[in-house]
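Here's the letter readout for the chains.
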Amino acid sequence: MRYVGPDNPEDTLATLIEFGPDEGAFFETRFTSLEEGKQYTPQQKTFWLNLHGLGNVELLKYVGRRFNLHPLVMEDILNTEQRPKVEVYAGYLFIIARLVHLEEGDQLGSEQIAIVLGRGFVLTFQEKPTGTFNSIRESLKNAQSQIRKLGADYLVYSLLDKLVDRYFGVVEKLGERIELVDDDIAAGPVPEHMNEIQNLRRALLYLKRGLWPTREVVNVMQRDDPDFFHAETQLYLRDVYDHTVQLIESTEALRDLVGSLQDTYLALQSNRMNLQMRMLTAVTTIFMPLSLVAGIYGMNFDNMPELHWQDGYFLVLGAMGILAAGLIGYFKLRRWF
Amino acid sequence: MRYVGPDNPEDTLATLIEFGPDEGAFFETRFTSLEEGKQYTPQQKTFWLNLHGLGNVELLKYVGRRFNLHPLVMEDILNTEQRPKVEVYAGYLFIIARLVHLEEGDQLGSEQIAIVLGRGFVLTFQEKPTGTFNSIRESLKNAQSQIRKLGADYLVYSLLDKLVDRYFGVVEKLGERIELVDDDIAAGPVPEHMNEIQNLRRALLYLKRGLWPTREVVNVMQRDDPDFFHAETQLYLRDVYDHTVQLIESTEALRDLVGSLQDTYLALQSNRMNLQMRMLTAVTTIFMPLSLVAGIYGMNFDNMPELHWQDGYFLVLGAMGILAAGLIGYFKLRRWF
Amino acid sequence: MRYVGPDNPEDTLATLIEFGPDEGAFFETRFTSLEEGKQYTPQQKTFWLNLHGLGNVELLKYVGRRFNLHPLVMEDILNTEQRPKVEVYAGYLFIIARLVHLEEGDQLGSEQIAIVLGRGFVLTFQEKPTGTFNSIRESLKNAQSQIRKLGADYLVYSLLDKLVDRYFGVVEKLGERIELVDDDIAAGPVPEHMNEIQNLRRALLYLKRGLWPTREVVNVMQRDDPDFFHAETQLYLRDVYDHTVQLIESTEALRDLVGSLQDTYLALQSNRMNLQMRMLTAVTTIFMPLSLVAGIYGMNFDNMPELHWQDGYFLVLGAMGILAAGLIGYFKLRRWF
Amino acid sequence: MRYVGPDNPEDTLATLIEFGPDEGAFFETRFTSLEEGKQYTPQQKTFWLNLHGLGNVELLKYVGRRFNLHPLVMEDILNTEQRPKVEVYAGYLFIIARLVHLEEGDQLGSEQIAIVLGRGFVLTFQEKPTGTFNSIRESLKNAQSQIRKLGADYLVYSLLDKLVDRYFGVVEKLGERIELVDDDIAAGPVPEHMNEIQNLRRALLYLKRGLWPTREVVNVMQRDDPDFFHAETQLYLRDVYDHTVQLIESTEALRDLVGSLQDTYLALQSNRMNLQMRMLTAVTTIFMPLSLVAGIYGMNFDNMPELHWQDGYFLVLGAMGILAAGLIGYFKLRRWF
Amino acid sequence: MRYVGPDNPEDTLATLIEFGPDEGAFFETRFTSLEEGKQYTPQQKTFWLNLHGLGNVELLKYVGRRFNLHPLVMEDILNTEQRPKVEVYAGYLFIIARLVHLEEGDQLGSEQIAIVLGRGFVLTFQEKPTGTFNSIRESLKNAQSQIRKLGADYLVYSLLDKLVDRYFGVVEKLGERIELVDDDIAAGPVPEHMNEIQNLRRALLYLKRGLWPTREVVNVMQRDDPDFFHAETQLYLRDVYDHTVQLIESTEALRDLVGSLQDTYLALQSNRMNLQMRMLTAVTTIFMPLSLVAGIYGMNFDNMPELHWQDGYFLVLGAMGILAAGLIGYFKLRRWF
C-alpha cells in the first residue's frame, strides 16, 4: 500500500463537519495531527470527514482501521489513477470519481476523489484542495437546506452533482475551442491546425473515458443500492444520471465536430493544391508556345524569309499577343481565373 | 431554480381549456395575472393548462405548488436545454420533448415542451407560442373528436403526434437541401460545398440526437406506464412510436447520403486535378522537344552545315510539325484529350 | 384518413377467393362495386379478399367496418410509405410488408402490401396488381396443396415467401451490376463510375432498410404469436426467417463490395496521376539540361572558343545525346518507363 | 423441391457404416441403386449413412420418407447455398454446415454438408466426396476409439471438428498470402496489389460469413439440446466452440492486417509521388534561372558591354556554376536529395 | 495429444510447494524425473505444483492421470496457442491465460500459462521459466501473508494479478513508443514511420485480443464460481477485473492515438507536397515570362528597333527586374513565401 503522488505528510489536512437536521446543529473542525483526531468524538447525527493530500499514510491507515475499510479500498484511495467505479462493501459504499479540468494546450487533467458512504457518515479523500465543494460546505451551515434534512446520502449526491458540473464547464470550453479552430482553419489551414485538432480529439477522448464510468456509477447507485439512498435522494440521483447522459451526448457531438474539422482541413488543403496546380498549368500552357515562337525566330538559318520582312517583328509580337489572349480566354471560359 | 432564457414576466400567458365528453362541455380561459388564476376553479372532467413564456417565475412557482410538482420537475421546466425524457412521479408523469425547426443556413433549432400528465389534467410549458398545437385546440371544440372522449392521456398523445409531425417536416426539407447540394456539386465542386455538407451533417446529427430520446420517451410511455394510458390510447402511442422509428431510419439514410456527397466532392476534385495534371504533362511533353530543336539551331557555332541549307529552316519547321503531331497522336491514343 | 397516391376510385378491384381442404372447395369472385360485395356471403372455411388499388376509399371503409379494423390500421393501409411491421389487434394480426423491384439507374422501388390475418380469413391490400401472387392463386386451385390443407395462416406464409423471393431477385441483379461496374473501372476509371457506385450504394441501403424490419416481422410472427399460426406453419415461417437472414448477409456482402469498388476507383485514379507525374518529371529532367546547353551556345559573347572549333557543333550534339541517354538510362533503372 | 447443382443421378453414392461399442462391431456397405438400399437392415446399435452427390432425387426422396424428414429439411439439403444453421425437428436434429477451401486467386470456395442426427443414426449429405472425413472412417474401425464408445452424437462432433480444422487450414493459408503481398508492396507498390488486397479482403469476408453462423450452430448444440448430446460429448462441443471463436478472432486480425496493407500501399504511393514532385521542383528551380541567364546573353542588343569583355563567357559560366551549386546546396540542406 | 513447441523432455522441471496457514508450514521440492515425483506425498493443507517446459509428455500424462484431468484439458495444456479461457470440470477449474512481453520491433510476444485449481491444490503449466511468479514464491514463505491464510484460491488470484501486471508494463512501454514516434514524425515524416505505425497498431491489436478474453476469464471466476473462491478472494478478483477493464481502456486510447499518428503523418506529407507544389508554381511563374522576354530579344529579325537603342539592354534588364519583383511581391502577398 503506497501512495502514488508527491509525498508530503504535513500536507494531509483532515476537515470534519458534523451536522444534524436541527437549527445550529453544525460544527466544523480541522485536524493536522493524528492525535487531535483520535481524541475527537462526533456529537451529531451525521458527519463528513474530508482529507486533503494523501501523503500522511499513518493518518490514512488510522482512518482505515477506525472505519473498518477493506485493504483494497485503502489501496484504491492511494492509487490515484483509478477509473470511476462504485463498490458495495459490508456496511459502506465505496465510490471513486474524478474531478476534471482543462489545462494549457487543450489537455484534460483530472484528480481522483474517493468517497465512502456509511451509515451516518461520509469520508472523502482528495489529492489536493480544489475548492469545488466549498458551496456544499456553505449550504451545510443553512439549517433549512436539503442536506441538513436528508443527511449523508444527500451529501454524496451533492458531491457528485458538483463534480458533474465541472464536466459541463469543460465541455463548454472545448466547444468554444473547436469553434475557434474552425474559424482559424477557414481563414487558411496550416499544419499547426492538425496538431490542435489532434489535441482536441485527445481531450474529448479522455473526457468520454471519464464520463462513461461516471454514468455507470450513478446508474448503479440509483438503481441497485436502495439500502444507502432514501427514495427522495434517488430522484436527485436520477437527475445527476440525466446530466451525465447529456454530457456524453454533448461529448459525442463535439467528437463529431472535431472529425468534420479534420475533413474541412484536408478539403481546404486539397483545394489550395488544386488552385496551385491550375495556376502552374495555365502559366505553362500560355508561355511555352510563346517561348517556342521566340525560339524559332532566334534560329540562325541563312534562309528565313520572315526575318527580312519589314514588319516581321511586329507581326510576330502581334501573333504572340493573340495566342496569349486566346489561351487566357480559354482558361477564363473554363473558369480557371 | 432559475429560468435560462429571456426574462419577461409579462410574456407568460396561461391558457386553460376545460373539456368533457358531453356536447358543449368545452371552455377556454386566458389568464395574464396570478390573481385571476387563483380564483378559477375548473368545472369539467378534464382540463389542459398551457403556459407560454417562462419568465414569470412567481406564476410558475404557484402552479408548481398547486399541482404538487417536485422541485426537480420545476428545475427541468425552467432549464430549457433538457434532452427529451419521461419520468414517473407520485401522481403524475413528467415528459420533456423538443419542437424542432430548420433555421437559416441549415441550422436546426428547437424549443423545449414540458408536459405534466396527471389524473384528469395536462399541464404544458412552452418557451413561446409556436402555433403547433392550434389544430388540437380546434378539434377539442368538436364533441365527436377522440380527445373529448378519451380525455387527458389522449390529449398527451395528440401533443406528441403533432411534435413528431414537425420532425417529418424537417427531415423532408433536409432531404430536399441534400439533393440541391448534390446537383450543385455535380455542376462543379467549390470549397463552399464542403461547408454546406458540414452544415447538413451537423443538422442531421442534432436531429438524430433529438429523435433517439424521443423514441425512448414514447417507448417507455407505451410499454411501462399502464396507469396513465388507456389500452386504446396505447395503440395510438404505438403508432407514434412507429413514426419515430421511421424518422430515425430516414435520418440515418440522409446521413449516409451526406457522407456520399462528401465522397463525390472529393472524387470530383481529385478528378479535376487529374485533368489539370494531364494537360500540364501533355503541354510540357509537346513543347519541350520543340523548344530544344529551336534552341539547337539558335546556337552560334561557326560550323553548322544545316544552317546553310537552302530549305533548312523549312525542313526544321516541318520536322517540328511532325514531332508535335506525333506526340498529340500519342496522347490521343491514350485518350488524354 | 386519406390515401397517399394517385386517386382513381374505379381502379380498386376486389378479388375474393374461398377455399377449404375438400376437393373442389375453391371459388373465385371479382367485385368492382361496393354493392356487389355487400350481397356476397362466403361459403367455405377460409377466404382471401385481395384489394388492388386503394383509390376507392368508400369500399375500403366498408371493408374496414365489416372486419372491424382499427382506425390506425385503416390509416396504415392507405399511407403507403410505411415500414414493414406486424401488430397484434384484438381478433386479427396486421402485417405491413414491401414488394421491392429494381428500376432504371439502379434505383430501388417498392410497393406496400398490407395483410390482415383473422380467424379463417386473410385480407390483402395492394397499390396495384403486380402478378407476384399469381402462382399462389394457381396452387390454391390444387386440392392437394398445403395451402388448401393448412388454411389462412399458411396462405400468409405463402405471401411472405413470394415477397422474400422478390428480394432474392433484386439482390442477384445488384450483384451482377456491381461486377459489371467493377470490370468497367478496371478498364479505366471515369467520374461517371463514382455516380454509379453511389447509386448502387443507395440501392443497397434502401434494400437493407427494407430487409431488417421484414426479418423482425417474420421473427415476431414465428416466435410470439402462437395463436395465429399452427405449429406446422411456424416451421415454414422459420424457413422464411432463415431466408431473410441470408438476404441481409448477402446485402451486407454487396455493400462491402461496393465499398471496395470505391477504394479501387480511387487507387486507380491516384495511380494514373502518379504515372502522369512521373512522365512530367522525366520529360522536364531530360529536356531542361539539354535546352540549357543549347541556350549557352546561343549566347553572343565575343570570346567563346568552342564556337570556333571545327567540330564544336557535333561535339555538343553528341554530348547532348549522351546526357539524354544517361538520363533515360537512369529512369529506366528506376523503372519509370 | 429441386437440386441446385449439376444433375447426374448416377453420381449419388450411398455409404453406410454400422458400428457398436463391441470389438468387431463395424460394417461398411456401399449402395449405388435404390433397390440395394431398400433391402438392407442395419444390425448394430448405431449407423452412419453418407450420401455423396445429390443428383439422384429418387434416392434422396426415399431416404427422406424412410427417416421421416420434413419437406423443408429435404429442400435445404438440395438447395446447397444455405448458410450454416441447426434446427430441432421432432425426433432429430438438422445441421447445415459448410466445408471451405481456398481456390485459385485467393477465392474462397465452399460445399454444403447437411447432417441429420437422430436416435442411433447419423445421415450426411454432401455435394461431392472431399476426403475430409476419411480419418473418421478409419478411427471408426478402431474399437477403442471414442466414437465407437460414445456413438452417434460423438460422431457428429467428429464431423464438425474436421470441418473446423479445414477452416484453420484456410486461415493459415490466407495469413501466408497476406504476408507475401505485404513484402511485395514494400518492394514497390503496383496497382495489381490493390486487386490482390481486394481479393484477400473478399475471401476473409466470406470466411467470416461462414464462421459466425458455424459458431452459433455449435453454441446452440452445446447449450440448448441436452437431448441429443451426452454430457461427455458436450465437453467436446465446447472445445469446437472455442475453436470457432479462435477462428473468428484470427479472421478479424487478418482483416485488420489487410486493411493496414491498403494503408501501406496508399502511403507508399503517396510517398513516391512526393519524391517525384520533389525532383521536378528541384530540377525546375535549378535550370530555369540558368536558362534565363543564357537567354539574356543570347539577346541581340547592340549595346551589351558584357559580351565584349575578354572573359565574359567564362565569368557567366562560372556564375552559372555557382548559382547551380548554391541551389543544389540549398536542396541538400533541406534534405531533398 | 502432442505438444506444439520445441521438444526437450529433459527441460521439464516440476516444482512443488506445500504450505499451510501455520508458522513454518512451507516446503519447496524440485523433481526432474517422474520417479521422484511418484514417491512424493504432500503433507500440508495446500500445495502448488508448477511445471516448466512441456516437452516431457510422459510426466505430463502422469500428472494428468494423477489429478484426473480430462483429455481435452491435457490437449489445451500442450497446445500453447490457446486463447485465455476458464472452464469448469468436475472437481476442478481449468484456466488458460497468457503472459505478454514486448519483443524487438514492437512485436508482442506471449506465452501460455495453464492453471488448474482444485480443492487444496493448484497446478500451473508454463512453456519456460519467466520469473514472473518469483515474488509469489517469496511471499509464500511469509506465514503472515494472505496466501498462506486464504489458500489455493488466493494463490490463483495472485498468479492472475502478476500476469495482469505484466500487461500494465507492456501498455506503458507501447505508450512511450507511440510518443517517440509522434515526435519523430513531427520532425519530418518518412515512409519508415508508416511501418512503425503499422507495427504499433498490430501490437495493440494483439494486446486487445489477449485482454478481452482475460477480462472475461476474471469476470466468470468472480461471478459464476462461488464454489472455488471464498467471498474474501472474490473481492480481490473484482480488483483484478477492474484492472483488466482499465487495461482495455488504455489499449483503446492507445489505438486511437496510433490512428491519429497516421492522420498526422498523412497530413504532414500532404502539407509538404503542397509546399513543393507552391515552390514549383512560383518558380515557373516568375521565370517563364522573363525567359520569354529574353527569347524575344534573341530573335533575329532585321527590323527590331529596340535592339538599336543605346540603353535597350539595360531597359529590358530593368523591366525584367521589375516584373520579377512584382511577381515575388504578389506571391509574398498571398503568403507563399
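Residues numbered from 1 in each chain as written. Chains lettered and ligands numbered in written order. Predicted model: local features only at pLDDT ≥ 70, side-chain atom pairs only at ≥ 80, totals over all residues. Heavy atoms only, no water.

Per an unreviewed UniProt entry, chain A carries the name Magnesium transport protein CorA and comes from Chitiniphilus eburneus. Looking at the Sequence similarities (unreviewed entry) heading of the UniProt record, one finds this comment for chain A: "Belongs to the CorA metal ion transporter (MIT) (TC 1.A.35) family." In its Function (unreviewed entry) section, the UniProt record describing chain A reads: "Mediates influx of magnesium ions." (UniProt positions renumbered as here; feature names shortened; annotations may be inferred.)

A. Region of interest: helix H9 (residues 312–333) of chain E. Between its first and last C-alpha, H9 of chain E extends 31 Å over 22 residues, near the 32 Å set by a 1.5 Å rise per residue. What H9 of chain E keeps buried is the set Gly312, Tyr313, Val316, Met320, Ala324, Leu327 and Phe331 of chain E. Projection of H9 of chain E onto a plane perpendicular to its axis shows the buried side chains occupying an angular sector of 110°, all on one side. Among the exposed residues of H9 of chain E, those oriented more than 90 degrees off its buried face are Leu315, Ile322, Lys332 and Leu333 of chain E. Contacts from the buried residues of H9 of chain E go to helix H8 (231–296) of chain A, helix H8 (231–296) and helix H9 (305–308) of chain D together with helix H8 (231–296) of chain E. At the C-terminal side of H9 of chain E, Arg335 of chain E shows a positive phi close to 60°. (Helix = DSSP H or I, 4+ residues; strand = E, 2+ residues; numbered from the N terminus. Expected span 1.5 Å × (residues − 1). Buried < 20%, exposed > 50% of the residue type's maximum accessible area, 1.4 Å probe, protein only. Arc of directions from axis to C-beta. Contact = heavy atoms within 4.5 Å.)

B. Quick look at the domain arrangement of chain A. Here the domain parsing of chain A yields domain 1 (13–267) and domain 2 (270–334). Between the C-alpha centres of domain 1 of chain A and domain 2 of chain A there is a distance of 73 Å. (Domains from an automatic or database assignment.)

C. Local environment of the sheet that holds strand E7 (residues 121–126) of chain E. Residue and element names in this part refer to chain E. Pairing in this open sheet of seven strands is mixed, and the strands run E2-E1-E3-E7-E6-E5-E4 from one edge to the other. Whereas interior strands pair on both sides, the edge strands pair on one side only; in this sheet they are strand E2 (26–31) and strand E4 (85–89). In this sheet, adjacent strand axes meet at a mean angle of 15° when their direction is disregarded. Taken together, the six bridges between strand E6 (residues 108–118) and E7 define a ladder with antiparallel strand orientation. When the sheet's bridge partners are listed, Ala114 is paired in E7 with Phe125. Lying over the sheet, helix H3 (residues 71–78) contacts E4, strand E5 (92–102), E6 and E7, oriented at roughly 10° with respect to E5. (Pairing = 2+ DSSP bridges. Axes fitted to C-alpha atoms, helices over the stretch in contact; angles between N-to-C directions.)

D. How the structure looks around the interface of chain B and chain C. Taken together, the contact pairs 48 residues of chain B with 50 residues of chain C. For the pair chain B and chain C, the two sides together bury roughly 4,400 Å², of which 58% comes from carbon and sulfur. Between Arg238 of chain B and Glu87 of chain C there is a salt bridge, with the nearest N and O atoms lying 3.5 Å from each other. On inspection of chain B and its partner chain C, the count reaches 23 residue pairs in polar contact (both at pLDDT 80 or more). Taken together, the elements giving at least two residues each to the side of chain B that touches chain C come down to helix H8 (231–296), helix H9 (305–308) and helix H10 (312–333) of chain B. Here the side of chain B that touches chain C gets 33 residues from one element, more than from any other, and that element is H8 of chain B. A class-by-class count of the residues in the side of chain B that touches chain C yields 22 nonpolar, 14 polar and twelve charged. (Buried area = accessible area lost by both parts, 1.4 Å probe. Salt bridge = Lys/Arg side-chain N within 4 Å of Asp/Glu carboxyl O. Polar contact = N/O pair within 3.5 Å; in protein donor to acceptor, adjacent residues only side chain to side chain. Nonpolar A, V, L, I, M, F, W, Y, C, P; charged D, E, K, R; others polar.)

E. A look at the sheet that holds strand E3 (residues 46–52) of chain B. All names here are of chain B. Spatially, E2-E1-E3-E7-E6-E5-E4 is the arrangement adopted by the seven strands of the open sheet, whose pairing is mixed. Edge strands, defined here as strands with exactly one partner in the open sheet, are strand E2 (26–31) and strand E4 (85–89). Each neighbouring strand pair of the sheet contributes to a mean axis angle of 15°, computed without reference to strand direction. Pairing geometry for E4 and strand E5 (residues 92–103), over five bridges, is antiparallel. Across the sheet, residue Glu87 finds its bridge partner in E5, namely Phe94. Most of the contacts of helix H6 (residues 152–187) go to E5, to which it runs at about 25°, and overall it touches strand E1 (13–19), E3, E5, strand E6 (107–118) and strand E7 (121–126).

F. The relation of the copies chain B and chain C, seen in detail. Turning chain B through 72° and shifting it by 0.1 Å along the axis lays it on chain C, with an RMSD of 0.1 Å. Here the copies are linked by what is in effect a five-fold axis. Among all residues of chain B, the minimum C-alpha distance to the rotation axis is found for Gly298 of chain B, at 4.6 Å. (Least-squares fit on C-alpha atoms with pLDDT ≥ 70 in both.)

G. Fine view of unusual backbone geometry. Residue and element names in this part refer to chain B. The phi angle at Asn68 is positive, at roughly 60°, despite the residue not being glycine. Relative to the elements of secondary structure, Asn68 occurs in the loop between helix H2 (57–66) and helix H3 (71–78). Residue Asn68 is classed as exposed on the basis of its relative accessible area, which comes to 64%.

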